[in-house]
Amino acid sequence: MIDQMYRKAVLTVSGQKPVEALVRSRGSNLARRFVAGEDVGSAIAAVRELAGDGILGNLDLLGEFVTSPETANEFAGNVLRLLDAAHAAGQKPYVSVKLSSVGQGMTVQGGEGNGQDLGLTSARRIVGRAREYGGFVCLDMEDHPRVDVTLAQFRTLVGEFGREHVGTVLQSYLYRSEADRDGLDDLRPNLRIVKGAYLEPETVAMPNKADVDAAYRRLVFAHMKAGNYVNVATHDEGIIGDVEHFALAHGIARDAFEFQMLYGIRRDLQRDLAARGYRVRAYIPYGYDWYPYFSRRIAERPANVMFVLRGMLRG
Ligand code: FDA
């Protein structure tokens, strides 16, 4: 409950335009702790640097202000260019995409795909290009009104491109997620399990952290037991330890799952797991629209607010 109140307070304050302007002008260096940079080059360089520690990358072009089909198309074009750039740099592209940023909820007007959802049409281009390069696209999960449509579009994309090239995310704070996982089982899908990062009403999301953590474990264990590939996306050492034990106890091979963490968070733990032979992937955000992503990371942990305030006072 206190976690929720803290998160809400930080997200409310950080959502004020003057606060954003201040942090944007004085805090862009601080954002470098969580964001690789503003351009594709910095994202590709971050993947290369992490590879030195045996850590894989998952690139995320930030962009949460897509409000028209034109900007959605432009954003999708930038994701395609990212895939091309990663491939050209000799990397097997692995990217995450928010369907809202490529037009989910907007309608294609004319031409190919006329009348269809623009998010799905864009995702087809993106997953198709990733498949050409032997790559992978994970459809990030956003706030709860988008879950139904995202899961339906995920199902369509798996059918068209195969589960080796597209995955999605379930959030353990949502009451519905265990049923959603069961409902996807026929696809044997590649799923990333997260706790959930959005401000959600108590009617749809568990307010208590202990319940969210327990649901997280249940989701991961159920997906592993069903023989599906699981992306265990958390920095929670207790959960990570339990997943290690569960895999050992149930004879689940190390290549049947991976640990995922965010760029700049618990790098020590990322290195340690990779050194112990686990597959580890860092989620690497980059792009000009770093502010909302940065705010969510700050809202997750009180110590991060002090980190920002101290950094800004230092100038
Ligand atoms: P929890 O919040 O319990 O934190 C456990 C420990 O991790 C903390 O005690 C601290 O040590 C460390 N930690 C966590 N956050 C930190 C921070 N910001 N700064 C410093 N330390 C921190 N969400 C979503 O809704 N949709 C999505 O698609 C995704 N995708 C995604 C991908 C990947 C790879 C990750 C790791 C996370 C996401 N998330 C997400 C975010 C997720 O829902 C959640 O908000 C964060 O992962 C934080 O929760 P933890 O599981 O780390 O646990």
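Residues numbered from 1 in each chain as written. Predicted model: local features only at pLDDT ≥ 70, side-chain atom pairs only at ≥ 80, totals over all residues. Heavy atoms only, no water.

Trainee: Explain the site of the ligand here, please?
Mentor: Around the ligand, the surrounding shell holds 24 residues, and the nearest of these are Lys 195, Gly 196, Lys 209, Thr 234 and His 235. With respect to the ligand, the backbone of Ala 197 contributes an N or O atom lying 3.0 Å from an oxygen atom. The side chain of Thr 234 places a nitrogen or oxygen atom 2.6 Å from an oxygen atom of the ligand. Isolated, the ligand exposes 930 Å² of accessible area, and the fraction of that covered by the protein chains is 87%. Counting only elements with at least two residues in the shell around the ligand, the list comes to strand E4 (166–171), strand E5 (191–194) and strand E7 (257–262). The dominant element in the shell around the ligand, judged by the number of residues it contributes, is E7, at three residues. Residues belonging to the shell around the ligand are distributed by class as follows: 10 nonpolar, six polar and eight charged. (Near = heavy atom within 4 Å. Polar contact = N/O pair within 3.5 Å; in protein donor to acceptor, adjacent residues only side chain to side chain. Areas by Shrake-Rupley, 256 points an atom, 1.4 Å probe, with all protein chains shown as cover. Helix = DSSP H or I, 4+ residues; strand = E, 2+ residues; numbered from the N terminus. Nonpolar A, V, L, I, M, F, W, Y, C, P; charged D, E, K, R; others polar.)

Trainee: How should the packing of helix H7 (residues 147–161) against helix H8 (residues 177–184) be read in this particular structure?
Mentor: Geometrically, a packed helix pair is captured by the angle between its two axes and the distance between the axes. Direction vectors running N to C along H7 and H8 enclose 15°, while the axes themselves pass 12 Å from each other. Here H8 runs roughly parallel to H7, going by the angle between their axes. When the axes of H7 and H8 are compared, the crossing they make is right-handed. Only Asp 180, Gly 183 and Leu 184 of H8 make contact with H7, whose side of the interface consists of Val 147, Leu 151, Phe 154 and Arg 155. A class-by-class count of the residues in the contact of H7 with H8 yields four nonpolar, one polar and two charged. (Axes fitted to C-alpha atoms, helices over the stretch in contact; angles between N-to-C directions. Parallel < 35°, antiparallel > 145°, perpendicular 65-115°, else oblique. Left-handed = near helix turned anticlockwise from the far one by under 90°. Contact = heavy atoms within 4.5 Å.)

Trainee: Help me out: how do you make sense of the environment of Val 47 in this one?
Mentor: Along the chain, Val 47 falls in helix H4 (residues 40–51). On the accessibility criterion, Val 47 (14% relative accessible area) is buried. Between the alpha carbons of Val 47 and Val 23 there is a distance of 26 Å; along the sequence they are 24 residues apart. Those residues within four positions of Val 47 in sequence are excluded, and the remaining contacts are Leu 59, Gln 91 and Ile 284. (Buried < 20%, exposed > 50% of the residue type's maximum accessible area, 1.4 Å probe, protein only.)

Trainee: What's the story with the packing of helix H6 (residues 118–132) against H7 in this structure? I'm lost.
Mentor: As a packed pair, H6 and H7 sit with axes 11 Å apart at the nearest point and diverge in direction by 35°. As H6 packs across H7, the resulting crossing turns out to be right-handed. Here Leu 120, Ala 123, Arg 124, Val 127, Gly 128 and Arg 131 of H6 lie close against H7, whose contacting residues are Gln 153, Thr 156, Leu 157, Glu 160 and Phe 161. When the residues that make up the contact of H6 with H7 are grouped by side-chain class, the tally is five nonpolar, three polar and three charged.

Trainee: Looking at this structure, I do not really get unusual backbone geometry. What am I missing?
Mentor: One can expect most non-glycine residues to show negative phi and most peptide bonds to be in trans. We note that Arg 188 has phi near 50°; this positive angle belongs to a residue other than glycine. Looking at the secondary structure, you find Arg 188 in the loop between H8 and E5. We note that Arg 266 has phi near 50°; this positive angle belongs to a residue other than glycine. In this fold, Arg 266 is placed in the loop between E7 and helix H11 (267–275).

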